[in-house]
Each structure stands twice: as C-alpha cells, then as structure tokens.
Amino acid sequence: MTTLTLYALFFVILLFSIITHEVAHAYAASFRGDHTARALGRTTFNPFVHADLFGTIILPALLLIMQSGILFGWAKPVPINTSNFSNPRLDMAIVSASGPLSHFVLAALAGVVLHVFMATPLAQDPATLQTVGVVCAIAIRVNVILGILNLVPIPPLDGSKILYAVLPADLAIQYSRLERYGFIIVLVLVMSGILFRVLGPLIQMLINLFSGGLVR
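Residues numbered from 1 in each chain as written. Predicted model: local features only at pLDDT ≥ 70, side-chain atom pairs only at ≥ 80, totals over all residues. Heavy atoms only, no water.

1. Observations concerning the environment of A172
And step 1. With respect to the secondary-structure elements, A172 resides in helix α8 (residues 169–176).
And step 2. Distance from A172 to K161, taken between C-alpha atoms, is 9.7 Å for residues eleven residues apart in sequence.
And step 3. Here A172 is in contact with R89, Y164 and L167, once residues within four sequence places are set aside. (Helix = DSSP H or I, 4+ residues; strand = E, 2+ residues; numbered from the N terminus. Contact = heavy atoms within 4.5 Å.)

Laid out in structure tokens, this is it:
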C-alpha cells in the first residue's frame, strides 16, 4: 500500500470520525431537549455541512505531512441552546460526553470487524488481509486518539465542558475564562507532540484493548 493511499485512508477515516462526533452531539442535545442542531440539519453525515476549513482539512494535512505521530482535527461545532435544557450544566455535560463516546464506539466496532474478519477464510489472502487490517487499524488508532484528546479538560475540548459541569459555580466561572486561550494551548500541545507524549501510554493501552493486541 503506497504512502499516498495510507494518507487518503487516514483522511477519510478522520473525516468520518469527526463528523460522527458532531452528529452524536446533535442527537444527544435533541435527546436532552434542545433540537437546534437537528433543525439546522446537523444530524446528517454530509461532510460539506460539517467541514471546517482549518480543523477538517488544513490541520490534519499538516500533521500527516509532518508525520507527527498523532492525527487530530475537528468539524464545525453543532449549535446548542442551553436554555432548552431542563438542567443546563448536567445536560451540557451529557452532550459533551457523547462526542468522545462516539469515538470509542467506532474504535470498538472496528475491533469487532477486525476480529470477525481474522476468523474467516478471507484472512488467508494477503492482499485482503492487508486492506482490511490497515483500515481497521487506522480506524481504531484515529478514534482512540480523538476520544482521549477530546476528554482533555482544556477549552474548547469536550473534557472542559464535562469538568465545568461538576465544578462548584464560582470555580466554574473562573475556569470558563480559560476558554479565550484554550484553542492556542491545545494547538501548541498537539503540534509540539507534548500532548501525545503525555497521553501516549493511555492511548496505546486502549488501542490494545479495542484491537485485542492486533494493532501496535
């Protein structure tokens, strides 16, 4: 498999994964009483509806070209009106958690597909084994990384919104002020590789868990 093909697979799988992330937010918000995103068509998997020029295209391309060892990106956030929630802080935490959870579900599904495939005669064909194995390995790795990174409690990542919901009100207000610097902090940590070095052991542990040790 050529390098260009691998890059294309990484990009397609990343695109599908981050769109699934936003769709999960939209459905979770609707489930908790806010139908804003659903009314605006954000439950679709149409990439043109969700794509963000920098987060969906430019940043992932830069990380691939730099061979940074970590692939990260995002789609346009779905609009959420917390005034439609009966318990805004709790409901927002649930909506926020749905995004990372969607990545772990995708990683688990890829792991199931990989194990079922390995038990079939098709796994004896080297070309088929390479294709299916690579696709599942990329899906597991990309989604574990996205799931873990989105749980980091730095705004605007989902982990910050979950933490905000459980902090006492006065601390939550102070913590929310970090959001103006959050994007820059996250970008520096990702591009420098610091975040990956810190989270690497946890990421690898989950990759082993979802793949049953078949993906390194």
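2. As for the packing of helix α4 (residues 53–65) against helix α9 (residues 179–192)
And step 1. Running from N to C, α4 and α9 point in directions that differ by 30°, and their axes come no closer than 12 Å. On the basis of the axis angle, α4 is roughly parallel to α9. For the element pair α4 and α9, the recorded crossing hand is right-handed. Between α4 and α9, the contacting residues are F54, L59 and L63 on the first element and F183, L187, V190 and M191 on the second. (Axes fitted to C-alpha atoms, helices over the stretch in contact; angles between N-to-C directions. Parallel < 35°, antiparallel > 145°, perpendicular 65-115°, else oblique. Left-handed = near helix turned anticlockwise from the far one by under 90°.)

3. Considerations on the pattern of salt bridges
And step 1. Counted according to the given criterion, the structure contains one salt bridge.
And step 2. One salt bridge in this structure joins D91 and R32, with 2.6 Å as the shortest N-O distance. In this pair, D91 sits in helix α5 (residues 88–118) while R32 sits in the loop between α1 (3–31) and α2 (36–39), placing the two residues 59 residues apart along the sequence.
And step 3. Residue D91 is classed as buried on the basis of its relative accessible area, which comes to 0%.
And step 4. Relative accessible area serves as the criterion here: at 26%, R32 is assigned to the partly exposed category. (Salt bridge = Lys/Arg side-chain N within 4 Å of Asp/Glu carboxyl O. Buried < 20%, exposed > 50% of the residue type's maximum accessible area, 1.4 Å probe, protein only.)

4. Some points on the packing of helix α7 (residues 158–166) against α8
And step 1. It is at 8 Å that the axes of α7 and α8 come closest, and there the two elements cross at 155°. Put simply, α7 runs roughly antiparallel to α8. From α7, S160, L163 and Y164 reach across to α8, where they touch A172, I173, Y175 and S176.
And step 2. Within the contact of α7 with α8, the residues separate by chemical class into five nonpolar, two polar and no charged. (Nonpolar A, V, L, I, M, F, W, Y, C, P; charged D, E, K, R; others polar.)

Scope: geometric values only; no functional claims are made or implied.
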